[in-house]
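Observations on the three-dimensional arrangement
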Amino acid sequence: MKEYKTITSVTGPLIFLENTENIGYGEYVKINLSDGSVKRGQVLDTSGSRVVVQVFEGTRNIDKNAYVKFSGDVLKIPVAYDMLGRVFSGSGDPLDGGPKVIPEARLDINGLPINPYKRAPPHEFIQTGVSAIDGMNSLIRGQKLPIFSGSGLPHNQLALQIARQATVLDCTESFAVIFVAMGITEEEAKYFISDFEKTGALERGIVFLNLASDPSIERLIVPRIALTTAEFFAFNYDMHMLVIMTDMTNYCEALREIGSAREEVPGRRGYPGYMYTDLASIYERAGRIEGKNGSVTQVPILTMPGDDITHPIPDLSGYITEGQIIVSRDLERKGVYPPIDVLPSLSRLMSKGIGKDRTREDHKSVSDQLYAAYAEGKDLRGIVSIVGKESLSKSDKLFLDFADNFERNFVAQKSNENRGIQTTLDIGWEILSKLPEDKLLRVSDELIEKYMRRFMNAPNKTD
Amino acid sequence: MLLELTCGVINLENKGTIYRISGPVVTATNIDAKMNELVRVGKEGLFGEVIEIDYDKTIIQVYEDTSLLKPGDEVTTTGMPLSVDLGPGLLGSIYDGVQRPLPKLSVLMGEFIKRGAEAPGIDREKKWKFFPLKKKGDIVNYGEAIGYVDENEHTKHFIMSPPNITGTIIEILEEGDYTVEEVLCKLDNGAVIKMYQRWPVKVPRPFKDKMMPNVPLVTGKRIIDVLFPLAKGGTAAIPGPFGSGKTVTQQQLAKWSDTKVVVYIGCGERGNEMIDVLTEFPKLVDPVTGGPLMNRTVLIANTSNMPVAAREASIYTGITIAEYYRDMGYDVALMADSTSRWAEAMREISSRLEEMPGEEGYPAYLSSRLSSFYERAGIVVTLGGKIGSVTVIGAVSPPGGDFSEPVVQNTLRITKTFWALDSNLSQKRHFPSINWLESYSLYYDSLKEWFESKISVDWDRTRAEAMEILQKEAELQEIVQLVGADALPPDQQFLLEISRMIREIFLQQDSYHEVDEFHSLKRQFSLLNAIIRFSRLGNNAIENGVEIDKIIKLESKAEISKVRYRKDFESKIGSINETMSKEFKALLGEE
Ligand SMILES: Nc1ncnc2c1ncn2[C@@H]1O[C@H](COP(=O)(O)OP(=O)(O)OP(=O)(O)O)[C@@H](O)[C@H]1O
Ligand SMILES: [Mg+2]
């Protein structure tokens with residue numbers, strides 16, 4: 001192990017050293033401060049005699065007398081089955097007063113790209129118990145499906161509900177949740193952990209916490225530590241891992257901080273030009289592998305600055321993930337929980353996981369029909385605001401009511417209500433049955449007979 | 001050119017040392033390398049390419065992860081630029097960005113891609129049955145075929161002399177099974193021809209002559225073939241925000257285009273999408289030959305989490321393979337998803353080089369790189385005297401869906417077909433979500449004649465009428481927003497009905513319906529023609545005082561909306577046209 005006391009400058013999260021000898025790119029570094037404390041870091045740039053190190057814990061208190069030790073290796077974390085049920089810091093140290101992890105393996109936190117040829121196509125439906133997701137934008141094992149939200153909206157509540165309720169139908173395989181906090185408040189973190197403890201989810205879960213008061217640069221490693229752990233369980237213990245990461249916006253801010261400290265040419269709105277690639281190195285770690293039983297499913301959460309979906313953080317995420325669940329301020333204001341706006345939401349893998357033998361034969365049709373009818377109802381809301389409700393035809397009025405009905409009865413549910421997919425689809429049919437039957441163009445007559453007829457009291461035709 | 005590259009006086013095995021490592025960019029000193037030369041870096045011999053020479057410093061982009069490379073590690077030249085293997089066995093393959101076969105990599109290193117593995121692009125051991133087309137004493141011109149192998153049931157793979165080799169045959173092997181390494185043919189000047197050749201990816205393969213594209217690439221997609229057609233040998237851009245349908249459209253074109261070969265490049269996109277293609281295509285049927293679709297497909301998969309420098313290379317690897325099949329006299333379509341990720345790879349490397357950034361941090365050469373890529377498309381007379389084409393279709397992923405950004409803008413300057421994807425449409429589940437007001441095809445004028453002579457003399461007139469209706473609709477919509485549709489005069493209300501038919505019946509097309517997903521040009525025309533006929537007859541009826549409600553309720557209108565899903569489309573459309581005539585006669589008779 002090489003050791004130097006040659007720091008020449010410290011700027012932001014970076015330290016610069018000189019007179020170093022052949023330090024490896026990406027090496028893991030320990031910095032011993034004069035006050036006896038230790039910080040950790042990683043080499044970002046190395047040349048003949050000069051090295052740049054990013055310090056995870058921030059550079060506060062580092063001076064030129066600090067000793068810098070180069071490990072000769074990349075950052076590896078210890079992983080073990082016993083990590084289940086534990087709470088760790090953003091650098092992977094136990095926070096719950098429990099013992100250190102006795103490693104079964106030490107793994108590079110950056111992982112390796114899955115060979116695309118060895119990926120197995122995701123197709124298993126995960127029931128979250130949330131109708132707006134299960135019915136309209138289903139989550140599939142091995143998918144990366146983020147929640148795009150805004151500050152102050154109940155995305156954490158929704159994430160917890162998903163974590164508590166997620167199951168795979170007719171399946172007894174082991175399943176675990178990894179929860180990753182990046183820069184969230186202590187209060188939010190407590191909310192998560194106490195809920196996990198209360199519901200027993202923690203027994204089958206692992207928590208990694210980087211709080212708002214923790215060093216920001218650590219946010220760059222915590223999702224990688226968590227995903228390395230997830231891969232270990234998925235591909236060594238055949239487990240199905242659901243990784244919830246909140247808040248990716250704070251992750252990206254940390255990335256921007258490093259970029260500006262390095263005086264890089266910034267990309268859009270000051271974020272680094274390589275942010276797409278960097279985010280991909282996290283999100284692409286979701287998936288299934290041919291010949292292995294386990295899987296890694298990701299539900300990253302991000303708050304859109306200014307509720308703007310074209311902001312680089314949601315924008316680049318959307319370009320990488322397989323759809324998005326949009327949490328809407330309008331619905332929240334109306335008192336709808338969960339305030340999921342299904343129209344701009346999308347699950348790109350949904351069609352692979354639903355239908356006969358997976359969920360139910362009518363799933364696709366009923367979801368298409370709900371989507372179309374809700375879109376029509378919402379359009380009519382716009383028209384009503386101009387020309388008034390009176391001028392609408394009878395059928396249009398029914399669509400207008402449908403939109404409300406859909407929001408109040410299908411989308412809205414209690415935060416502890418775990419709806420089975422059958423119930424979700426039945427609610428869908430029930431509210432569709434209030435519409436004129438000849439306007440239901442996306443569902444076949446057979447399906448109407450089989451699933452909708454029983455909700456209809458009287459024949460319901462347009463005028 | 002190639003001779004210079006392969007026979008120049010460069011010192012093979014020239015060694016130097018690493019001076020600096022910054023991400024994928026490595027600086028070496030004390031090495032005598034050429035621009036764009038391939039070098040091996042570090043103990044594991046990672047592949048890299050020389051991208052800049054600055055006094056005593058040689059700057060290299062490395063195609064693999066550079067973690068733990070150290071200053072002082074060795075760098076060795078190879079004497080060759082980055083090249084690909086061209087020969088039988090390309091079809092049906094899946095490669096990374098530098099043509100390493102992914103199945104082979106998984107055998108060598110398991111489910112994850114580690115670094116340092118070497119795997120040739122085409123199998124050196126496999127034997128192929130060679131059929132000679134030339135004999136001793138014959139002259140072989142540059143790029144001329146000396147024989148062929150059946151690469152698969154439906155594809156004759158011509159074994160061509162490399163573009164820089166010509167001479168008189170002094171020896172040629174007879175029909176038989178050979179590996180790609182065996183010398184098939186010796187020429188009087190000492191040159192030899194094998195079943196495969198190598199070609200530097202950044203050098204376009206030469207041809208005799210470029211021709212004007214005037215035959216359409218038939219895609220089976222109505223909005224494309226009728227409104228915004230692409231020519232064989234042409235270029236198209238599909239820009240759109242995330243989730244608007246770029247990948248689905250490209251995959252659909254890969255399935256349905258009437259070409260001999262498809263090269264599909266997943267450039268910095270999702271791993272799951274590549275495996276989708278890989279699991280689906282072998283089960284699907286090639287619309288041209290009836291064989292498995294995978295048999296005409298070459299996949300390049302350099303996903304977003306794979307090394308950035310190899311992503312930069314993937315586009316060149318793909319286009320070179322496409323040109324190679326073109327040189328056999330085939331039509332090739334190349335899809336690049338997404339060229340924005342390619343541009344970003346350039347930007348990342350450029351910023352590591354601390355080059356002066358241009359617009360939005362992209363290097364100043366963004367525009368010239370994009371144009372030299374699209375310039376490699378074309379319909380040509382090959383060196384061997386055949387006619388072949390490469391059609392290039394590039395997806396563009398603009399930040400925030402904003403088409404004014406540099407990659408879209410620079411692409412539009414070069415490409416001649418523009419399919420603008422619109423998230424308003426995709427959110428309404430109107431697919432393909434190609435915006436009919438913004439999109440265009442500059443090929444249409446040179447293709448018009450083809451459509452009129454092969455499909456219908458009324459092609460242009462019908463299309464123009466449809467376009468006009470769509471234009472007018474857009475204008476009327478503004479008024480409707482203010483006063484409501486009821487306030488419009490009957491003929492304008494009727495126009496709105498017709499434009500709605502055009503949009504919902506003709507422009508929308510279900511990619512998951514076995515009949516609707518592909519319509520022949522004849523079907524496409526009859527469908528549009530039926531709608532336009534309904535429009536004409538309807539307008540006439542309105543002029544004669546018929547109420548619009550009566551026209552809208554006609555049976556023939558309802559039938560037009562369903563006919564596109566029917567297997568017996570042809571006979572059905574005939575009867576619809578008859579019904580239509582009768583119904584309108586009856587309406588007018590009533591008055
Ligand atoms: N022609 C189509 N028919 C039916 N559905 C479609 C069609 N095109 C797109 N979609 C739907 O839209 C989703 C997104 O499409 P696609 O993956 O092609 O978007 P994209 O533009 O490539 O997005 P990104 O830039 O994020 O890669 C698909 O998963 C599918 O659900
Ligand atoms: Mg895509």
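As the structure is a computational prediction, the values presented were derived from the model and not from experiment. (Residues numbered from 1 in each chain as written. Chains lettered and ligands numbered in written order. Predicted model: local features only at pLDDT ≥ 70, side-chain atom pairs only at ≥ 80, totals over all residues. Heavy atoms only, no water.)

**Quick notes on the interface of chain A and chain B**
The parts lose accessible area when they come together, and the size of an interface is often stated as this lost area. If you look at the interface, chain A gives 61 residues, while chain B gives 62 residues. Summed over both sides, the interface of chain A with chain B buries roughly 5,100 Å², with 57% coming from carbon and sulfur. At the junction of chain A with chain B, the criterion picks out two salt bridges. Here Asp45 of chain A and Arg20 of chain B are joined by a salt bridge, their closest N and O atoms 2.4 Å apart. For the side of chain A that touches chain B, the secondary structure elements donating two or more residues are strand S5 (38–47), strand S11 (119–120), helix H6 (275–283), helix H7 (312–320) and helix H10 (363–387) of chain A. By residue class, the composition of the side of chain A that touches chain B is 29 nonpolar, 16 polar and 16 charged. Bridge count between S5 of chain A and strand S1 (residues 15–22) of chain B: two bridges; the pairing is antiparallel. Bridge assignment links Thr46 of chain A to a residue of S1 of chain B, and that residue is Ile21 of chain B. (Contact = heavy atoms within 4.5 Å. Buried area = accessible area lost by both parts, 1.4 Å probe. Salt bridge = Lys/Arg side-chain N within 4 Å of Asp/Glu carboxyl O. Helix = DSSP H or I, 4+ residues; strand = E, 2+ residues; numbered from the N terminus. Nonpolar A, V, L, I, M, F, W, Y, C, P; charged D, E, K, R; others polar. Pairing = 2+ DSSP bridges.)

**Concerning the pairing of strand S2 (residues 7–11) of chain A**
Residue and element names in this part refer to chain A. In terms of strand pairing, S2 meets strand S3 (residues 14–18) through four bridges, oriented antiparallel. Counted as the bridge partner of Thr11 is Leu14 from S3. The turn joining S2 and S3, which pair antiparallel and follow one another in sequence, is formed by two residues; a positive phi near 50° is taken by Gly12.

**Some details on the UniProt feature "domain: AAA+ ATPase" (unreviewed entry) in chain B**
UniProt marks residues 232–418 of chain B with the feature "domain: AAA+ ATPase" (unreviewed entry), using the numbering shown here. Between the end C-alpha atoms of residues 232–418 of chain B the distance is 15 Å, and the span holds 39% helix and 22% strand. (UniProt positions renumbered as here; feature names shortened; annotations may be inferred.)

**A word on the environment of Ser9 of chain A**
Residues and elements named next belong to chain A. Within the secondary structure, Ser9 sits in strand S2. Residue Ser9 is classed as partly exposed on the basis of its relative accessible area of 30%. For the pair formed by Ser9 and Leu145, sequence separation is 136 residues and the distance between their alpha carbons is 42 Å. Discounting chain neighbours no more than four positions away, the residues touching Ser9 are Leu14, Ile15 and Phe16. (Buried < 20%, exposed > 50% of the residue type's maximum accessible area, 1.4 Å probe, protein only.)

**A closer look at the side chain of Thr415 of chain B**
With respect to the helices and strands, the residue Thr415 of chain B is situated in the loop between helix H9 (406–414) and strand S25 (417–418). Contact partners of Thr415 of chain B, with chain neighbours within four places excluded, come to Thr235, Ala236, Ala237 and Tyr374 of chain B.

**Observations concerning the UniProt feature "domain: ATP synthase A/B type C-terminal" (unreviewed entry) in chain A**
Under the UniProt annotation, the feature "domain: ATP synthase A/B type C-terminal" (unreviewed entry) is placed at residues 352–451 of chain A. Overall, residues 352–451 of chain A shows 64% helix and 0% strand. The separation of its end C-alpha atoms is 22 Å.

**A look at the site of ligand 1**
If you check the shell around ligand 1, you find 17 residues, and the closest are Gly243, Lys246, Thr247, Val248 and Arg270 of chain B. Between ligand 1 and Glu269 of chain B there is a distance of 3.4 Å, counted from an oxygen atom to a side-chain nitrogen or oxygen. Within the side chain of Ser511 of chain B, one N or O atom sits 3.0 Å away from a nitrogen atom of ligand 1. Burial of ligand 1 by the protein amounts to 90% of the accessible area it has alone, namely 630 Å². If you list the elements that add at least two residues to the shell around ligand 1, you get H7 of chain A together with helix H4 (246–256) of chain B. The leading source of residues in the shell around ligand 1 is H4 of chain B, at three residues. Counted by class, the shell around ligand 1 contains seven nonpolar, six polar and four charged residues. (Near = heavy atom within 4 Å. Polar contact = N/O pair within 3.5 Å; in protein donor to acceptor, adjacent residues only side chain to side chain. Areas by Shrake-Rupley, 256 points an atom, 1.4 Å probe, with all protein chains shown as cover.)

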